[in-house]
Every structure is written in structure tokens, then in C-alpha cells.
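# Structural overview for review
If you want the building blocks of each chain, they are given just below.
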Amino acid sequence: MFDTGDAIRIVGPAAFAGAFSRTTVGNARPASGAGWEAYAIDRPRFTGPGRALLWENLRANLLLNSVAPATQSVTVTAQAYTLTFEGTGSVTLSGASTGTLAGTGANNRVSRTFTPTAGSLTLTVTGDVRLAQLEAGAFPTSWITTGGSAVTRASDVATFAPANGQRGTLLGTVTFPFLDAYQAPVLVSANGNIANGFWWRVNSAGTLVAQGAVGGAASQSAGAVASPAGHPLNFALAWDEVSAVLRVAGSAPLNFGGMVPAAGLNRVSVAGHSSFPTFLEMPRLDYYAARLPDAQLQAFAA
């Protein structure tokens, strides 16, 4: 496919070199950063001025007519929800929860996360409220267009086949807008099976984990990343037949608990593996069909 040392850019501005799927339409911020632009089914989404590739897990917008919603009631359960909108108006909660979210500007997205009691939640709309969303979850995701019923946005799923599965390097940049329990940017595996593969993740406490498994037997190493939420993090992941190593944003190298990578590695899943509900932005991901020297990994992920 290419010579040792040559790179393929898997993710770059407005481009993805691999297999991508999302079974519903989706929205993302345009290059101007204001408003939203629509992407068709199975089209990767690029967000904001940097045109980073946007990956999100499944979410649903429970508000009807979300372009310009009216006062309405929604049935909720006792879990975290996040309300967002743009405009200068306000939305007041009553019933299963109370409180008011006030807008701050025509193109400013405001949010409020709360945990209601189970029951009926009334959302009273006053003034200019546009592009609104109520979703189950502890942080906001991209706006979902609705009409007369709630709409679910499916997960973004992307994969590519490495040219040399048993030796390789991934150099990339990732931003986690919000931290969740399990955010895993990349998984290297045999046929997408996490029982024979390895990956890295950051949890809600900011702990960095390099994790893997061979024949279902798991091993891992843990470290820490400074300011993991809302900031671009450079990472370097390299492997060969005897070991794997991870560096992220100046972290100490992690060796996956001394794991020897499984045989038959033939797939890289980017963010959207079904085992990991990941939400992130990725402006860059380069793949090399060779394990680069440790000095190069350290320099990139400084």
C-alpha cells in the first residue's frame, strides 16, 4: 500500500479516508461557527472553523419543532438531562424539575444540566428561543432537528484497514468537549473484537488508561493528562508484534500493562466502536505502517 515510513492521513480537514456510517442525518457547526449545517446519512460531519471531524454517540432531542419551539411537556425519568438553545429568550422548567435557562444572544448556545424526578416536565418558552434541544445526558451534543415528534441521531461509526496490522503508528489530535465515563478515540483490533485488541481512553475524572486484551484476557496501564476536557490533545500510539506504547499530551509512556498485541490485527475503529460511547472532535489522524521510534512519538505527543 505504501512504503515503510510513509503516512496516510486518515482524518484531515473536510476529509476521512475509510469506511464511515451514520444511519440518520446530523448537524454540525459551519466554518463560521454560527448556526448549524446539515449532513446526510452516512456522511462524516466537520465542525467549526478548524473543520475537525465530529464523532458523537446516539442521542435524541425530545423537544418538538426544535427550530422555534413552543411551550410543551415531556415525559422524563430520574436521570441527567441537558437543555440547550440559542437566542435571547428563556425556558422555564416546572413539574418534574424547576429552574430557568436564559439566553444570552442570537448565536450563543446556552445549556443547563439537571436531574428531574420521574414524571412530566413542562418547558415554558418566552421570547426568542431557537435551535432548542432537550436530551438525556450530562452534557450537550450537536443540535438535532425535530418536527412533530422527537428525533434520534444515530452514532457516528468509522473504520479503516491498516496496511500492516501487526506493526503501525497512529499520530493524531483529539478534543473531548466534555468528559464522560468512557471516551475512547481509537481501537486497534482483530475484526472489531475488543477481546483481541487495544485502545486508549479518558474517563470523567481525567484518568488516562491504555487498555487491551488478548483472547479476552485484559491488561492496562493508567496515567493522567493535564486539562483533558476542551483542549486539543496530541497522541501517539505505536505497536509491533511484541509490545504497544501510548503517549498523550506530555504524559509518561503507557505500555498497556505489558501486553503483547494479539495476532490478526486488521481494523482500526475511530471513536465510534459500539463498546465505547464516545463524543469527540478530531482534526487530524495519520497512520504509518511501521512502528516509529520512541523519540518521534515523544516529540509529537509533547
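Keep in mind that what you see is a predicted model, and the values were worked out from it rather than measured.

### Comments concerning the side chain of S142
Inspection of the secondary structure puts S142 in the loop between β15 (130–136) and β16 (151–153). Those residues in contact with S142, other than ones at most four positions away along the chain, are N27, W36, R45, L54, E56, R109, Q133 and R153.

### Describing the sheet that holds strand β20 (residues 193–202)
Strands sit in the order β3-β17-β25-β19-β20-β21-β22 across an open sheet of seven strands; the sheet is antiparallel. Edge strands, defined here as strands with exactly one partner in the open sheet, are β3 (19–21) and β22 (217–224). Going across the sheet, the axis of each strand differs from the next one's by a mean of 15 degrees, ignoring polarity. Bridge count for strand β21 (residues 207–214) against β22 is eight bridges, and the pairing is antiparallel. Residue pairing in the sheet places T207 in a bridge with A224 of β22.

### Considering the sheet that holds β15
Strand pairing in a sheet relies on backbone hydrogen bonds. The paired strands run either parallel or antiparallel. Read from one edge to the other, the open sheet built from three strands follows the order β13-β10-β15, with strand pairing classed as antiparallel. Only two strands of the sheet have a single partner each, and these edge strands are β13 (105–114) and β15. Strand-to-strand, the axes of this sheet are offset by a mean angle of 10 degrees, without reference to chain direction. For strand β10 (residues 81–87) and β13, the ladder comprises seven bridges, and the chain directions are antiparallel. Residue pairing in the sheet places G87 in a bridge with G105 of β13.

Definitions and limits used
- Residues numbered from 1 in each chain as written.
- Predicted model: local features only at pLDDT ≥ 70, side-chain atom pairs only at ≥ 80, totals over all residues.
- Heavy atoms only, no water.
- Helix = DSSP H or I, 4+ residues; strand = E, 2+ residues; numbered from the N terminus.
- Contact = heavy atoms within 4.5 Å.
- Pairing = 2+ DSSP bridges.
- Axes fitted to C-alpha atoms, helices over the stretch in contact; angles between N-to-C directions.

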